[in-house]
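Survey of secondary and tertiary structure
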Amino acid sequence: MPEGDTVWQAARRLHDALAGKVLTRSDFRVPRFATVDLTGRTVLDVTPRGKHLLARVEGGLTVHSHLRMDGSWKVFAPGQRWSGGPAHQIRVILGTADRTAVGYRLPVLEVLRTADEQRAVGHLGPDLLGPDWDAARALDNLRADPARPLGEALLDQRNLAGIGNVYKCELCFLLGVTPWLPVGELPADRAAQLPALARRLLEANRDRPVRRTTGVRGQDLFVYGRAPRPCLRCGTSVRVADQGDGSRDRPTYWCPTCQSGPTPRSGGLAGAGRRH
Ligand SMILES: [Zn+2]
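Not measured: the values here are computed from a predicted model.

1. A word on the overall build of the protein
For the protein, the helix and strand inventory stands at six helices and ten strands. Relative to a compact globule of 276 residues, whose C-alpha radius of gyration would be 19 Å, the protein shows 20 Å and is just as compact. The dimensions of the protein, computed from C-alpha atoms along their principal axes, are 65 × 40 × 30 Å. Counting only residues that meet the buried cut, the protein has 53% of its 276 residues in that class.

2. Section: the coordination of the zinc ion
The protein atoms that coordinate the zinc ion are C231 (SG), C234 (SG), C255 (SG) and C258 (SG), at distances of 2.2 to 2.4 Å. Considering all four donor atoms around the zinc ion, angles at the metal cover 100 to 115 degrees and the coordination shape is tetrahedral.

3. Describing the sheet that holds strand β3 (residues 52-57)
With antiparallel pairing, the four strands of this open sheet are ordered in space as β2-β3-β4-β8. Of all the strands in the sheet, just β2 (43-49) and β8 (108-113) have a single pairing partner and so form its edges. The mean inter-strand angle of the sheet, taken between neighbouring strand axes irrespective of direction, is 20 degrees. One ladder, built from six bridges, connects β2 with β3; its direction is antiparallel. Looking across to β3, one finds that D45 is bridged to R56. Its contacts with the sheet place helix α1 (residues 4-18) against β2 and β3, and it is angled at close to 175 degrees to β2.

4. A look at the confidence of the model for the protein
Summing up the model confidence of the protein, the mean pLDDT is 91 and the portion of residues at 70 or higher is 95%. Contacts of residues 267-276 to residues separated by more than four positions or lying in other chains number 20 contacts, the stretch itself having pLDDT below 50.

Thresholds, definitions, all that
Residues numbered from 1 in each chain as written. Predicted model: local features only at pLDDT ≥ 70, side-chain atom pairs only at ≥ 80, totals over all residues. Heavy atoms only, no water. Helix = DSSP H or I, 4+ residues; strand = E, 2+ residues; numbered from the N terminus. Rg over C-alpha atoms; globule rule 2.2 N^0.38 Å. Buried < 20%, exposed > 50% of the residue type's maximum accessible area, 1.4 Å probe, protein only. Donors = N, O, S within 2.8 Å, 3.2 Å for Na, K, Ca; no water. Tetrahedral: all angles 85-135°; square planar, octahedral: opposite > 155°, others 65-115°. Pairing = 2+ DSSP bridges. Axes fitted to C-alpha atoms, helices over the stretch in contact; angles between N-to-C directions. Contact = heavy atoms within 4.5 Å. pLDDT = per-residue confidence, 0-100.

Here is the structure:
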């Protein structure tokens, strides 16, 4: 699942390729918008909002997309071989004289009036990489449901926008608590650090091809994807168990020594290390 930094990179690629240029090709391959034709319109900008992408075009229209699990936007030069997947996975093609942007497998793709963008993204909390970032409001949102496990609350884009499963795990590690700790039990000093820490992680990674939270090249993440290998800080075997986000379960990693708080009773999948 893409995190806010991935979406930010995609938005910048699209912005660099399309903004300020006139569309010479417009091909929507989803039934609802198959007749939409944006050719002749100039692309104004492409902006990330949480994990949503908003491409605004002249005439007050916005192409709204979301990558979800495996959608992607690719940009190609004329004559370049398209490499984003088989043709039947293409959902939209937007071309200018010198660049073609192709959206593959986009589970969310719609054209709406720019004035109606709030309908698509208005539910989102403060955007970690956005100009509207508001740490106090993000923290208030997270704490509004004190019994909710921290990991679930962090993934809920209505609280704050931009955190995916990788940063959820890494952030809980950096805070020294398990993702199952009820938000209301997060010590005050750590709660106060949380918004700035989350923003720092995403900002530090938005220009990087490889996601890194440790500051150490070659050992990029503290716990995510590491079970049953040793925790980078203390050497304890990292564990993994599923945690829901309201819609589906996600593999969730933690170090039983560095992180305090509840863990799932059946936690620690095979090979994920010693149990308490
Ligand atoms: Zn550890």
